[in-house]
Amino acid sequence: MTRGRSGVRRGGRESSPGPPHLGGEYELPDTPSGDPEDARSAWPCPGVSAHPVRVTSEYRALGWDSLPQGRYRVVEHTCSCRTVFYELVSCGGLYMIHRVIQRRPPEHAFTGRWTLREAREMWQRVLTGQAR
Ligand SMILES: [Zn+2]
């Protein structure tokens, strides 16, 4: 679990309380670019969940599908203060990432059918902007 953590950390910016398990990678753009990834939803930020950072220039594009593979259970999730949030879900013994765009109506998409190990690696890539 060391891959995907390098090169994204910015030192010396600790003014905001970040998610503990991401240690200092919390970052909120000052000026929304119009990208839904950066937009704030109407939810107040509880500040306890992860906030995915902006994608890097060479991020991996995941294939998103609109249908889940059956019933699923949420393992981890990013903060719902963003218009777009993600959930790591367990589904029939495999793991997927669920993306929710909080529009009216909300848009749901799913990707992956991974083992937990693979899913956690991909989850970290999503959080660090290396895959979306
Ligand atoms: Zn938040």
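Note that the structure is a prediction, hence the values are computed from the model and not measured. (Residues numbered from 1 in each chain as written. Predicted model: local features only at pLDDT ≥ 70, side-chain atom pairs only at ≥ 80, totals over all residues. Heavy atoms only, no water.)

## Some words on the overall build of the chain
Piece 1. Broken down by element type, the chain carries one helix and four strands.
Piece 2. Along its sequence from the N terminus, the chain presents helices and strands in the succession β-β-β-β-α.
Piece 3. Within the span of the chain, comprising 132 residues, buried residues form 36% of the whole.
Piece 4. For the chain, restricting intrachain contacts to residue pairs at least 6 apart in sequence, the fraction spanning at least 24 positions comes to 56%.
Piece 5. Split by element, the accessible area of the chain, about 8,000 Å² in all, is 49% carbon and sulfur. (Helix = DSSP H or I, 4+ residues; strand = E, 2+ residues; numbered from the N terminus. Buried < 20%, exposed > 50% of the residue type's maximum accessible area, 1.4 Å probe, protein only. Contact = heavy atoms within 4.5 Å. Areas by Shrake-Rupley, 256 points an atom, 1.4 Å probe, with all protein chains shown as cover.)

## Section: unusual backbone geometry
Piece 1. With omega at 0°, the peptide bond leading from Arg104 into Pro105 counts as cis.
Piece 2. Position of Pro105 among the secondary structure elements: in the loop between β3 (94–101) and β4 (107–114).

## Let's talk about the confidence of the model for the chain
Piece 1. For the chain, per-residue confidence averages 80 on the pLDDT scale, and residues scoring 70 or more make up 69% of the total.
Piece 2. Mean pLDDT in the chain bottoms out at β4, which sits at 94, and peaks at helix α1 (residues 116–127), which reaches 97.
Piece 3. A low-confidence stretch, residues 12–16 stays under pLDDT 50, and its non-local contacts, those more than four residues away or across chains, total three contacts.
Piece 4. Overall, residues 18–32 carries pLDDT values under 50, and its contacts beyond four positions in sequence, including any with other chains, amount to 33 contacts. (pLDDT = per-residue confidence, 0-100.)

## Considerations on the coordination of the zinc ion
Piece 1. The zinc ion binds to the protein through Cys45 (SG), His51 (NE2), Cys79 (SG) and Cys81 (SG), with metal-donor distances spanning 2.1 to 2.3 Å.
Piece 2. Geometry at the zinc ion is tetrahedral, judged from the four donor atoms that bind it and their angles of 103 to 116° at the metal.
Piece 3. Sequence spacing among the residues donating to the zinc ion works out to C-x5-H-x27-C-x1-C. A residue pair is termed long-range when its members are at least 10 positions apart, and Cys45 in the segment before β1 (73–77) and Cys79 in the loop between β1 and β2 (84–91) qualify at 34 residues.
Piece 4. For Cys79, a relative accessible area of 1% translates into the label buried. (Donors = N, O, S within 2.8 Å, 3.2 Å for Na, K, Ca; no water. Tetrahedral: all angles 85-135°; square planar, octahedral: opposite > 155°, others 65-115°.)

## Digging into the pattern of salt bridges
One side chain can pair with another of opposite charge once the charged atoms of both are near each other.
Piece 1. In the structure shown here, the tally under the stated rule is three salt bridges.
Piece 2. The residue Glu76 makes a salt bridge to Arg120 at a minimum N-O spacing of 2.3 Å. Taken together, the residues Glu76 in strand β1 and Arg120 in helix α1 connect sequence positions 44 residues apart.
Piece 3. The class for Glu76 is partly exposed, based on a relative accessible area of 23%.
Piece 4. Between Arg125 and Glu121 there is a salt bridge, with the nearest N and O atoms lying 3.0 Å from each other. (Salt bridge = Lys/Arg side-chain N within 4 Å of Asp/Glu carboxyl O.)

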